[in-house]
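Structural features, examined
Here is how the chains run, residue by residue.
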Amino acid sequence: MTIFAPLLLLSTLAFTVQDAEPIVVREVLVIDGVPRSRRSPVFVDPVEAALAAGTFTAPKEGDAFPSDRGERTWRKVTDENGSFGDRAIAAGYAFATVESPRDQVLLLEARGHRCVYVNGEPRGGDVYNLGLTRWPIALRAGTNELLFRGGRGNLQIRLVPPPAPVFLETRDALYPQLIRGDENDLPWGSIQVTNATTEWQRELSLWIGQKGPHSLSLRIPPIGPSSALKVGFVLPPCFENPLELRLERIPGGQSSELFSLDPIELAIKEPTDKHIRTFLSRIDGSVQAYAVTPPRPAPDGAKPRGLVLSLHGAGVDGRNQAHHYRPTDWATIVSPTNRRPFGFDWEDWGRWDALEALADAQKRFDTDPRLTVLTGHSMGGHGTWQLGVHFPDLFAAIGPSAGWRDFWSYAGAAEWGEEAGPVERLMDRAVNGSRTTLLERNLEKRGVYILHGDRDDNVPVSQARFMRQRLAEFHPNFTYYERPGAGHWWGNPCMDWPPLMDFLKQNTPLPADRDVRQIDFRTVHPGISSKLHWITVEAQERNLAVSHVEARLDAGKRLFTLSTDNVRRLRIDLGELAAPQLGAEEAPPTFALAPSEPVTVEIDGQTLGPIEWPETSSSNANAAPTSPGLRLHRTGDGWQSIGEVSPRLKGPHRAGAFKDAFRNHVKLVIGTRGTAAENAWAYAKARFDAETFAYRGNGAFKILRDVDLDPAQHPDHNLILYGNADTNAAWKLVIPDCPVTVRRGEVQIGERSLTGDDLGCLLIFPRAGSDLASVGVVAGTGAAGQRLTHRLPYFVSGIAYPDWTVIGTDLLEAGIEGVRAAGFFAEDWTLGDDWAVRDED
């Protein structure tokens, strides 16, 4: 009998608080050495394979379990306090049973696990043992089964009754700080709303009060059964301490109180104090924060307009990062969060968080973008390399301290190599954004200071020495300092190192676009980085391979000379070049390139022009016209000068790959048109993704049903569909013309068909009716294919998937050979020819 079968939505369970007692799990069965884990989009795990196939049954002590490392045995481990330190758990699983006298919802206080299956449904974990989360879980009367995948530290398991059916959870709350003299800037905060019932909770609102007369009431989106959502709130005008928060229900306009917190005294900071600023993220609408070290007055009394973006190491946060810096007299120091202390290694959502914090701080503190520099320590040193090579347009100089260059040299990331088959090569290429050295020459015109201790036992000094050797081959302006006898952390100076900080200051400003005559730029993906000065790469010939542009302007001849590799479409921005430069009083303005006259372009040996001076042109394919520019497009007949292009084409605004779907105010849309089991899977998987991202990314993914989706309500927001074209009604509304279609028993890829009920699929495609938004899909062809997607690690940095990927359940036993097909869509989002099916290898 299959024990671990997905539960239905449990909509008939009743909530019961009375007489509920905390439950401490004191006995587990453990098994080790079964999963094989590394940083990879695919993984081998016989336990997960049995779960996907529906053949896993509750183990007993002494039961054997087969694996590719030999037979393993379940054995008993006990602890009176419910804290299990057996080393086998970290590399394996722990199984526990919980007896419940009735159907009820309890809060699972567990830590030290990657995830847990509760009666077959996946729930979020606490892999770093932070103690941040407790998720409401629905227990049924009788025996309940909990299967934990191990993480870091002791596995701790405890279940407690919730304080109310729906309540405000304070464990992970973000309370804003008040800045004296800045009363007109109303900061944001956030707090988790937990639904400890088995019904959808609607018509909820958060009341925000204060000592003064003003208050606010914010509507809360619907929250699904046994789940939670972090809700942002803004302070009322003329705010006076303390803050009051109250959860209310407003049916028919009449409010009733459900839960309230004791008054909260918010911290008040002087403008010169180190402090926290908050902002709303465009990724998911959540509230994020960064720390600020304000500058001290400059010697001449002028306002310092520089900005140092400082990236923290693993296990640190922005607030702690700021504590290690002294104020400078030339720059504000801004320390973003990477979304969490471990977050995303400053890649993916961590990279977007850094850029969002940077943009907010530049606007808030009126800094000069040309005086922006970048530094960071440890994981933040890696982030410094990463952001530095991707965005030479943003940072005048970088200073990595104790940083590692990439996951392949430091964390054992998967790689199959050019000698592998076409599917493997596509999977390799999908993660090229993490390969720092592919873009190292973008640093040639930027100052680089490398700092490392020669006794570093965490990040080997060989990482710094390798990058020193690489830079020495081409870079004219870098400094290398290896601190004798220093380990990984040697106090504040390993970040606030005076020679490093002086170097960063001396290498500002960035050159103005109008002063640049030569450009040498590389990108692996326009969706990550697309621009350097007046050159923008808008589309590639081969997605996520290196695109290279060398450009030169001879202003006297009005001639652009370009050499390109792997570029399908690019743009030359004429706006800055043609901007008037005012000289002495009454002197006529000068121009780097006088406007209105024709220009000529020589590109890859082909001459275009003279080309009439354009009036206006959008800076990317979805933007409103902003400045004059030339857009060039490569076809089979060579290069052509073209005008505006359809925003439906790939461009910096929307280019894939799959992980890109989880941003742009993303919403998770669950299918309800399937069987009860199919619908239950869609909700459980969406909830698991929301919990995983809440933990890893301090996120706030909102879940809605397909029948509740109004395409006109949020037309430019990304959507993630859970379910296939037969089970999710939103499919035909938002991706009706996608050339990869998933149905029961089949994945259709153009004219090809892959059949079976054991296939899973991930894909991204433009949202119908939107010039900006994308739709992601997490789907299966049957129950086994659906369960196969449960733990695909797309929220882990250093892991990526192409635009679309089809996998079979043999992936969990055979690894990469279980990837049945994968590919990148063409520039126009047709199927194109950049894809492969396994049987064609």
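To start, this report covers the structure provided alongside it. Every chain begins its residue count from 1, and numbering advances along the sequence as written. Local features are withheld for residues below a pLDDT of 70 in this predicted model, meaning they are given only at 70 or higher, and side-chain atom pairs are given and counted only at 80 or more; totals for whole chains, interfaces and linings count all residues. Working from all heavy atoms in the structure, the side-chain values ignore hydrogens and water.

Digging into the overall build of the protein chain
- Helical segments are the DSSP runs of H or I of at least four residues, strand segments are the runs of E of at least two, and each set is numbered from the N terminus. Looking only at helices and strands, one finds 13 helices and 51 strands in the protein chain.
- Values of the radius of gyration come from C-alpha atoms, whereas the globule rule sets the reference at 2.2 Å times the count of residues to the power 0.38. Relative to the compact-globule value of 28 Å for 841 residues, the protein chain shows a C-alpha radius of gyration of 28 Å, a close match.
- Over its C-alpha atoms, taken along the principal directions, the protein chain stretches across nearly 90 × 65 × 65 Å.
- Expressed as a percentage of its 841 residues, the buried residues of the protein chain come to 61%.
- Calculation of accessible area relied on Shrake-Rupley with a 1.4 Å probe; when residues are assessed, cover is drawn exclusively from the protein chains displayed. Accessible surface, the protein chain: about 31,100 Å² in total, of which carbon and sulfur atoms supply 47%. Categorising residues by exposure relies on relative accessible area from a 1.4 Å probe, with only protein chains included: less than 20% of the type maximum marks a residue as buried, more than 50% marks it as exposed, and the intermediate range marks it as partly exposed.

Description of the sheet that holds strand β21 (residues 256-260)
- If you trace the four strands from one edge of the open sheet to the other, you get β18-β17-β20-β21, paired in antiparallel fashion. What marks the edges here is a single partner per strand, and that holds for β18 (216-220) and β21. This sheet shows a mean twist of 30 degrees between the axes of neighbouring strands, independent of strand direction.
- The sheet contact formed by strand β20 (residues 244-249) and β21 spans four bridges and is antiparallel. Bridge pairing in β21 places leucine 247 opposite phenylalanine 259. For two strands to be treated as a pair, DSSP must find no fewer than two bridges joining them. For helices, the fitted line uses only the C-alpha atoms of the stretch in contact; every axis is such a line through C-alpha atoms, and the angle between N-to-C directions lies from 0 to 180 degrees.

A few points about the environment of proline 213
- Note on placement: proline 213 falls in the loop between β17 (204-209) and β18.
- Placed 583 residues apart in sequence, proline 213 and valine 796 show a C-alpha to C-alpha distance of 46 Å.

Remarks on empty space enclosed by the protein
- Grid points spaced at 1 Å over the protein atoms alone were grouped into cavities, where a 1.4 Å probe fits but cannot get out, and pockets, open sets with protein on both sides within 12 Å along at least five of seven lines, with lining residues defined by an atom within 4 Å of a point. Grid points are joined across faces, edges and corners, and a volume is the space filled by probe spheres set on the points. Throughout the structure, instances matching the rule amount to eight cavities of 30 Å³ or more.
- The biggest single contributor to the lining of the largest cavity is helix α4 (residues 349-365), with three residues.
- Asp, Glu, Lys and Arg are counted as charged, while Ala, Val, Leu, Ile, Met, Phe, Trp, Tyr, Cys and Pro are counted as nonpolar; the rest, among them Gly, fall into the polar class. Taken together, the residues that form the lining of the largest cavity break down as eleven nonpolar, five polar and five charged.

Here's the deal with helix α10 (residues 676-697)
- Expected helix span is taken as 1.5 Å per residue step, with the number of steps being one fewer than the number of residues. In a regular helix each residue adds 1.5 Å, so 22 residues correspond to 32 Å; α10 covers 31 Å between its end C-alpha atoms and thus fits that length.
- With respect to burial, α10 is a largely interior element, 20 of its 22 residues being buried.

Considerations on the pairing of strand β46 (residues 752-755)
- Where strand β45 (residues 746-749) meets β46, four bridges bridge the pair, whose relative direction is antiparallel. Among the inter-strand pairings, valine 747 is bridged to a residue of β46, identified as leucine 754.
- Where β45 folds back on β46, the antiparallel hairpin that results is connected by two residues, among which glycine 750 adopts a positive phi of roughly 60 degrees.

Some details on α4
- Taking 1.5 Å of rise per residue, 17 residues should cover 24 Å, and α4 covers 24 Å from first to last C-alpha, within 8% of that figure.
- Of all 17 residues making up α4, twelve are buried, and the element is well covered by its neighbours.
- Looking at α4, one finds that the buried residues are Trp349, Gly350, Arg351, Trp352, Asp353, Ala354, Glu356, Ala357, Leu358, Ala361, Gln362 and Phe365.

Thoughts on the pattern of salt bridges
- Whenever Lys or Arg places a side-chain nitrogen within 4 Å of a carboxyl oxygen from Asp or Glu, that contact is recorded as a salt bridge. Enumeration according to the criterion identifies 55 salt bridges in this entry.
- A salt bridge links glutamate 80 to arginine 26, with the nearest nitrogen and oxygen atoms 3.5 Å apart. Taken as a pair, glutamate 80 in the loop between β5 (75-78) and β6 (83-84) and arginine 26 in the loop between β1 (23-24) and β2 (27-32) lie far apart in primary sequence, 54 residues in all.
- What makes glutamate 80 exposed here is its relative accessible area of 60%.
- Among the salt bridges present, the one from arginine 326 reaches aspartate 496, with a minimum N-O distance of 3.0 Å. One end of the pair, arginine 326, is in the loop between α3 (318-323) and β26 (331-336); the other, aspartate 496, is in the loop between β30 (478-483) and α9 (498-506), and 170 residues separate them in sequence.
- Accessibility expressed as a relative area gives 7% for aspartate 496, which makes it buried.

Here we look at the sheet that holds strand β32 (residues 531-532)
- A sheet is described by the order of its strands in space; here five strands give the open sequence β32-β33-β36-β39-β40, paired in antiparallel fashion. On the outer flanks of this sheet lie β32 and β40 (638-642), each paired with one strand and no other.
- Bridge count between strand β36 (residues 569-573) and strand β39 (residues 629-635): five bridges; the pairing is antiparallel. Paired with isoleucine 572 across the strands is leucine 630, a residue of β39.

Side note on the environment of tyrosine 801
- If you trace the backbone, tyrosine 801 turns up in the loop between α12 (783-788) and β49 (804-808).
- Judged by its relative accessible area of 3%, tyrosine 801 falls in the buried class.
- Along the backbone, tyrosine 801 and alanine 822 are 21 residues apart, and their C-alpha atoms lie at a distance of 8.5 Å.
- Apart from residues lying up to four places away in sequence, tyrosine 801 is in contact with Pro41, Met427, Ala430, Ala657, Phe658, Leu762, Leu792, Pro793 and Tyr794.
- Polar contact is defined as a pair of N or O atoms within 3.5 Å, subject to the rule that within protein one atom must be able to donate a hydrogen and the other to accept it, and that residues adjacent in sequence are counted only when both atoms are side-chain atoms. Looking at tyrosine 801, its side chain comes within polar contact range of the main-chain oxygen of proline 41, at 2.7 Å. Should any heavy atoms of two residues lie within 4.5 Å, those residues are counted as being in contact.

All quantities given are derived from atomic positions and should not be read as evidence of function.
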